[in-house]
Amino acid sequence: MDLHTQIASHVRDLPRSGIRDFFEIVQSMKEVISLGIGEPDFDTPWNIREAAIYSLERGHTGYTSNLGLPDLRTRISEYVHRHFHVGYDPKTEILVTVGVSEAIDLALRALLNPGDEVLYHEPCYVSYSPSIVLARGVPVAVATREEENFSLTAEALAKKITPASKVLMLNFPCNPTGATQSRAELEKIARLCIQHNLIVLTDEIYSELTYDGQPHTSIAALPGMRERTVFLHGFSKAFAMTGFRVGYACAPEPLTEAMMKIHQYSILCANTMAQDAAIEALENGGKDVDRMRKEYELRRNFIVRSLNEMGLECFKPHGAFYVFPKITSTGLTSREFSLGLLEKKQVACVPGTAFGPSGEGFIRCSYATGLEQIKVAMQRMAEFVQETKARSGAKA
Ligand code: PLP
């Protein structure tokens, strides 16, 4: 039997992640400096790890409620209210999930009927388009532009809205560009969503990581938006807890109930020890988040300056831990640049096209790597750019 023919067609036709392909090459090489990973290089703060250990010691080894530990939901409610100025009832409007990844999947599956269109800004996180397809929706990308610092304009969004549009996905600060969104533009987008009756999924996973004193606004906090927004957040990035796999979705009760039904049958509940650790993160993790944020900001300043000095245009993003420099001046495509840099200089960056076709001409460099490593990587990249330009100049 040819098993390929047995695979559901919408799964079979899904392309493999461009990041995964690229990192299979990286893993086969020795002594690579990786600016490719979207994962904090910091260890999870010790008190949070200890909370997971104590959880095991105290025998917290059973299932929790499907919605998650009541104590954790209460703390999430307080945290979201304090930081984002939106109120959610911990009893009925908060669902603890296996990372933001699960929360995205649940929200899409709970909302979409086959053929519903989902708008999202691109370049974007690699899972958005596939998650929409897996939920039987139709992905509709709205390209963001370097000239606008990769923020989403209401004007560009309006052009892509059709009668089939149902959901808008937002992610600011953005992976892969580091872009943030001004409150004024967000207000225009909110008005469009109300006008066209769109539901918004706002992926807030990098929202603690903003720099230059920039305040972060969640669209959920704008007038008329709470009732049509699913607020998605988690612990992976700001608290350096990727492996714990805890996230959450906050939404009005009917939406939370719908997501909970899928979660209940497919996952049951998020990991119990990880939920105990998440309580500690919310209770006592703030100082460590500040410490890591300060370090990321120093690294961002260094990496942006280095990229511009070597002749790669790069805007200074105000959030997340990524920069997205333009590499067209080298005459290479994103993939050629990334592969060349890897082969010749053993530095790994992700081709911009891994984040959608509008990422062509750019690469993503993550600065969730120690400053000393970043310094060496920038030195090697500068050599690569110089050598590439000299070669293409010689050819011309
Ligand atoms: N959303 C964005 C924008 C991300 O960049 C990532 C991970 O890189 C995720 C969601 C997944 O997060 P989690 O570890 O909480 O599943």
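Residues numbered from 1 in each chain as written. Predicted model: local features only at pLDDT ≥ 70, side-chain atom pairs only at ≥ 80, totals over all residues. Heavy atoms only, no water.

Participant: Just checking my understanding: could you explain the pairing of strand E2 (residues 94–97) for this structure?
Facilitator: Along any regular strand the residues' side chains alternate between the sheet's two faces. Because side chains alternate across E2, one face comprises the buried residues Ile94 and Val96, and the other comprises Leu95 and Thr97, equally buried. The pairing of E2 with strand E8 (residues 247–250) spans four bridges and is classified as antiparallel. Within E8, the position partnered with Val96 by the bridge is Tyr248. (Buried < 20%, exposed > 50% of the residue type's maximum accessible area, 1.4 Å probe, protein only. Helix = DSSP H or I, 4+ residues; strand = E, 2+ residues; numbered from the N terminus. Pairing = 2+ DSSP bridges.)

Participant: Whenever I open this one, the domain arrangement of the protein confuses me. Can you help?
Facilitator: When the parts come together, some accessible area is lost, and that loss is often what is quoted as the size of the interface. Here the protein is partitioned into domain 1 (3–44 + 287–391) and domain 2 (48–285). For domain 1 and domain 2, the distance between their C-alpha centroids amounts to 24 Å. Listed as interface residues are 39 residues of domain 1 and, on the opposing side, 38 residues of domain 2. Across the domain 1 to domain 2 interface the summed buried area is about 3300 Å²; carbon plus sulfur atoms make up 59%. It is Thr44, Phe315 and His318 that lose the most area in domain 1 upon contact with domain 2, and together they represent 22% of the buried surface on that side. (Domains from an automatic or database assignment. Contact = heavy atoms within 4.5 Å. Buried area = accessible area lost by both parts, 1.4 Å probe.)

Participant: Explain a nonpolar patch on the surface here, please?
Facilitator: Residues Ile7, Val11 and Leu134 make up a contiguous nonpolar surface patch of about 220 Å² in total accessible area. Examined against the element boundaries, Leu134 turns out to sit in helix H6 (residues 128–134). Residue classification places Leu134 among the partly exposed residues on the basis of a relative accessible area of 38%. (Patch = residues over 30% accessible without salt bridge, like charges linked within 9 Å, V, L, I, M, F, W, Y side chains within 5 Å. Areas by Shrake-Rupley, 256 points an atom, 1.4 Å probe, with all protein chains shown as cover. Salt bridge = Lys/Arg side-chain N within 4 Å of Asp/Glu carboxyl O.)

Participant: Can you walk me through the environment of Arg380 in this structure?
Facilitator: Turning to its location among the elements, Arg380 is positioned in helix H13 (residues 371–395). Separated by 250 residues in the primary sequence, Arg380 and Pro130 have C-alpha atoms spaced 34 Å apart. Filtering out sequence-adjacent residues up to four positions away, Arg380 remains in contact with Glu31, Ile33, Lys345, Gln346 and Val347.

Participant: Can you help me understand the side chain of His263 in this one?
Facilitator: Mapped onto the secondary structure, His263 falls in helix H9 (residues 253–266). If we ignore the near neighbours within four places in the chain, the residues touching His263 are Asn66, Leu95, Val96, Thr97, Glu102, Leu106, Leu268, Cys269 and Ala270.

Participant: Where do I start with the packing of helix H3 (residues 46–57) against helix H10 (residues 272–284) in this structure?
Facilitator: Think of two packed helices as two axes; the pair is described by the angle between the axes and how far apart they sit. As a packed pair, H3 and H10 sit with axes 8 Å apart at the nearest point and diverge in direction by 140 degrees. It follows that H3 is oblique to H10 by the angle criterion. Judged by the twist between their axes, the crossing of H3 over H10 is right-handed. Taken together, the residues of H10 that come into contact with H3 (itself represented by Asn47, Ile48, Ala51, Ala52, Ser55 and Leu56) are Thr272, Met273, Asp276, Ala277, Glu280, Ala281 and Asn284. Class assignment of the residues belonging to the contact of H3 with H10 gives a composition of seven nonpolar, four polar and two charged. (Axes fitted to C-alpha atoms, helices over the stretch in contact; angles between N-to-C directions. Parallel < 35°, antiparallel > 145°, perpendicular 65-115°, else oblique. Left-handed = near helix turned anticlockwise from the far one by under 90°. Nonpolar A, V, L, I, M, F, W, Y, C, P; charged D, E, K, R; others polar.)

Participant: Sorry if this is basic, but what is going on with the packing of aromatic side chains here?
Facilitator: The geometry of an aromatic ring pair is captured by two quantities: the separation of the ring centres and the angle between the planes. Taken as a whole and judged by the stated rule, the model has 18 aromatic pairs. Between Tyr206 and Tyr322, the ring centres sit 5.6 Å apart and the planes meet at 80 degrees, which makes this aromatic pair edge-to-face. Of the two residues, Tyr206 sits in the loop between strand E6 (199–203) and strand E7 (229–234) while Tyr322 sits in strand E9 (residues 322–323), which places them 116 residues apart along the sequence. Tyr206 gets classed as buried once you look at its relative accessible area, which sits at 2%. Accessibility expressed as a relative area gives 0% for Tyr322, which makes it buried. A centroid spacing of 5.2 Å and a plane angle of 5 degrees characterise the contact between Phe324 and Phe362, whose relative ring orientation is stacked. Of this pair, Phe324 sits in the loop between E9 and helix H12 (334–345) while Phe362 sits in the loop between strand E11 (350–351) and strand E12 (363–366), and the two are 38 residues apart along the sequence. Considered together, Phe324 and Phe362 belong to a single accessibility category, that of buried residues. The rings of Phe42, Tyr206, Tyr296, Phe321, Tyr322 and Tyr367 are connected pair by pair, giving a single aromatic cluster. The residue whose ring lies beneath Arg291 is Phe42, and the NZ or CZ to ring-centre distance is 5.9 Å. One Lys or Arg, Lys375, reaches over the ring of Phe302 and ends 6.0 Å from the middle of that ring. (Phe/Tyr/Trp six-rings, centres within 6.5 Å; stacked < 30°, edge-to-face > 60°. Lys NZ or Arg CZ within 6 Å of the ring centre and 35° of its normal.)

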